[in-house]
Amino acid sequence: MSFNILSLDGGGIRGIVAAKMLSIIEKQIDKPLNEYFQLITGTSTGSILAAAIASGRSSEEIVDLYKQQSSIIFPYRKRFSLKRLPLLFKHGVSAPKYSQKGLIQVLKGVFGDTPLFNIASPLLLIISFDTIERSPIFFKSWRQDKGYGNVPLWEVCVCSASAPTYFPAHKLNRRIGGTAQDGYSDAIILDDGAASVDNIYNNMQISIIDGTGISQTRTIKKYIGSTRTCTIYPAWEKVPDKTSIYLIKSQYSAIDGGVAANNPSSCAVAEALRLGYSIQDIRVLSIGTGERTRIIPFEQAQHWGLIQWAQPLIGILFDGSSEIYEYITKQIAHQRILRLQFKLDRELTGKRLSDDIDDVSPENISNLLEAAQVYMQQPNIQTSLHKFFSN
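The text that follows walks through the structure, step by step, so that each part is easy to find. (Residues numbered from 1 in each chain as written. Predicted model: local features only at pLDDT ≥ 70, side-chain atom pairs only at ≥ 80, totals over all residues. Heavy atoms only, no water.)

1. Some words on helix H12 (residues 362-377)
Note the threshold: The secondary structure listing takes helices from DSSP runs of H or I that are at least 4 residues long and strands from runs of E that are at least 2 residues long, numbered from the N terminus. Here the expected length of a helix is defined as 1.5 Å per residue gap, with one fewer gap than residues. Throughout, exposure labels follow a simple rule: accessible area from a 1.4 Å probe, protein chains only, divided by the maximum for the residue type, with under 20% read as buried, over 50% as exposed, and the rest as partly exposed. Only heavy atoms matter for contacts: two residues are in contact if any of them lie within 4.5 Å across the pair.
Along its 16 residues, H12 runs 23 Å from first to last C-alpha, staying within 8% of the 22 Å computed at 1.5 Å per residue. Residues of H12 that are buried: Asn 364, Ile 365, Asn 367, Leu 368, Leu 369, Ala 371, Ala 372, Tyr 375 and Met 376. Contacts made by the buried residues of H12 are with helix H1 (15-29), helix H4 (59-73), strand S13 (337-340) and helix H13 (379-390).

2. What about the pairing of strand S2 (residues 39-43)?
The side chains of a regular strand alternate between the sheet's two faces. In plain terms, the rule: Here, strands pair whenever DSSP counts at least two bridges between them.
Of all 5 residues that make up S2, 5 are buried, and the element is covered over most of its length. Pairing geometry for strand S1 (residues 3-8) and S2, over 4 bridges, is parallel. Residue pairing in the sheet places Leu 6 in a bridge with Ile 40 of S2.

3. Considerations on the nonpolar core
One recurring pattern in soluble globular proteins: nonpolar side chains tend to sit buried together. The condition is simple: Each nonpolar core is a collection of buried residues, namely Ala, Val, Leu, Ile, Met, Phe, Trp, Tyr and Cys, held together in the definition by side-chain atoms within 4.5 Å.
One finds Leu 8, Phe 139, Leu 285, Ile 287 and Leu 340 to be the most contacted residues of the largest nonpolar core, which totals 80 residues. Counting residues per element, this core draws most heavily on H1, which supplies 8 residues. Once residues lying within four places of it in the same chain are set aside, the contact partners of Leu 340 are Met 21, Ile 25, Leu 285, Ser 286, Ile 287, Gly 288, Tyr 375, Met 376, Ile 381 and Leu 385.

4. Some details on the pattern of salt bridges
Note the threshold: We count a salt bridge whenever a side-chain nitrogen from Lys or Arg sits within 4 Å of a carboxyl oxygen from Asp or Glu.
In total, this model carries 8 salt bridges according to the counting rule given. For the salt bridge of Glu 133 with Arg 174, the shortest nitrogen-to-oxygen distance reads 2.8 Å. Pair noted here: Glu 133 is in the loop between strand S3 (123-130) and strand S4 (135-140) and Arg 174 is in strand S5 (residues 170-179), with a separation of 41 residues, a long-range link. Overall, the relative accessible area of 15% leaves Arg 174 in the buried class. Close ionic contact of Lys 351 with Glu 370 constitutes a salt bridge, the shortest N to O distance being 2.8 Å. Here Lys 351 is found in the loop between S13 and H12, whereas its partner Glu 370 is found in helix H12, with 19 residues between them in sequence. Of the residues examined, Lys 351 reaches a relative accessible area of 35% and is grouped as partly exposed. Judged by its relative accessible area of 30%, Glu 370 falls in the partly exposed class.

5. Regarding the packing of aromatic side chains
Here is the rule we go by: Stacked, tilted and edge-to-face are the three classes assigned to paired rings of Phe, Tyr and Trp, where Trp is represented by its six-membered ring and a pair needs centres within 6.5 Å; plane angles under 30 degrees give stacked, over 60 edge-to-face, the rest tilted. The rule for a charge over a ring is simple: NZ of Lys or CZ of Arg within 6 Å of the ring centre, and within 35 degrees of the ring normal.
Under the criterion given, the structure shown has 12 aromatic pairs. An aromatic cluster of at least three residues, connected via ring pairs, comprises Tyr 36, Phe 37, Phe 388 and Phe 389. Positioned above the aromatic ring of Trp 154 is the side chain of Lys 108, whose terminal nitrogen or guanidinium carbon lies 4.7 Å from the ring centre. The ring of Phe 388 carries Arg 283 above its face, with NZ or CZ at 4.2 Å from the centroid.

Geometric descriptors of this kind do not, in isolation, establish any biological role.
What follows is the structure, encoded as structure tokens:
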């Protein structure tokens, strides 16, 4: 029996391209997407699409969401806007382009207080990135043992969509738990699930919640990542041992998952394999948000420094991530993957398609929708879709 994966790239407002493609697919197969796919994954704007589909929204509803509410998320185009003054006062001249206020408002309106773990079927996988431990955050609707807990869907999407330079990082509470490997009067050795970064838990509270030393809470004064040793204060009244279960209340500093996997298809395949599915049964529909065609000439790239590279570099990182993960997924899944993606040029419709993630002008939104419609009507695309969905 096939295990069907839907993978959705990041891309800001260009998520409307993927939403439009999905609305056409949904009509063709005459079945809700959350009933066809067993696992849905998304990064950044793809996380919003993924969470919306997994929670039962139709693709057409999501198209309307992008059309009607994107201007709340991206309320202006230029960095030199009077509306941006509160951000400059709060963060200084290097402030992100937008606050998270509009993004949070829209996502709360879509998902309400629905928790991640309420999504039982299909499985939902959303990618973010933690700047503290410098590692990806894999939000999994089926893993209730993870340190992020039963976080609301809207907050999961904020974590995944907080693109550097566009939005500030999002602070999310985190629980770090495990079994002590050893204990001393003024220290405790954590297990392999703890971070390997020095001083990352300094000044945090560690509690023994079960086993020897239960009900004790101490402050971590120093953490040595190589040995996972916490020096604590004051000293333990009863020294923990290998029966002791500990808990540290920490936090994530979450930014856009696109810095790790803007195309999360390979992550989804890895999870399917981990869940015990055979590679021969895994099939992937991977949908992009348009391939950038804007070039950076050598004459510019040769001389650019921090200021010039700051924002273009984000797009380059996201593009590179998408291409690499597409390559990996194809090498694993071979002919069992269908990638839907077109270039953001004038070839399809003769009209300009902006590759900016925040160009929410009515003209650009209309042009993106038209291009997605034309792309999906191409005979070769229709043939590929028929082959994918008839297997």
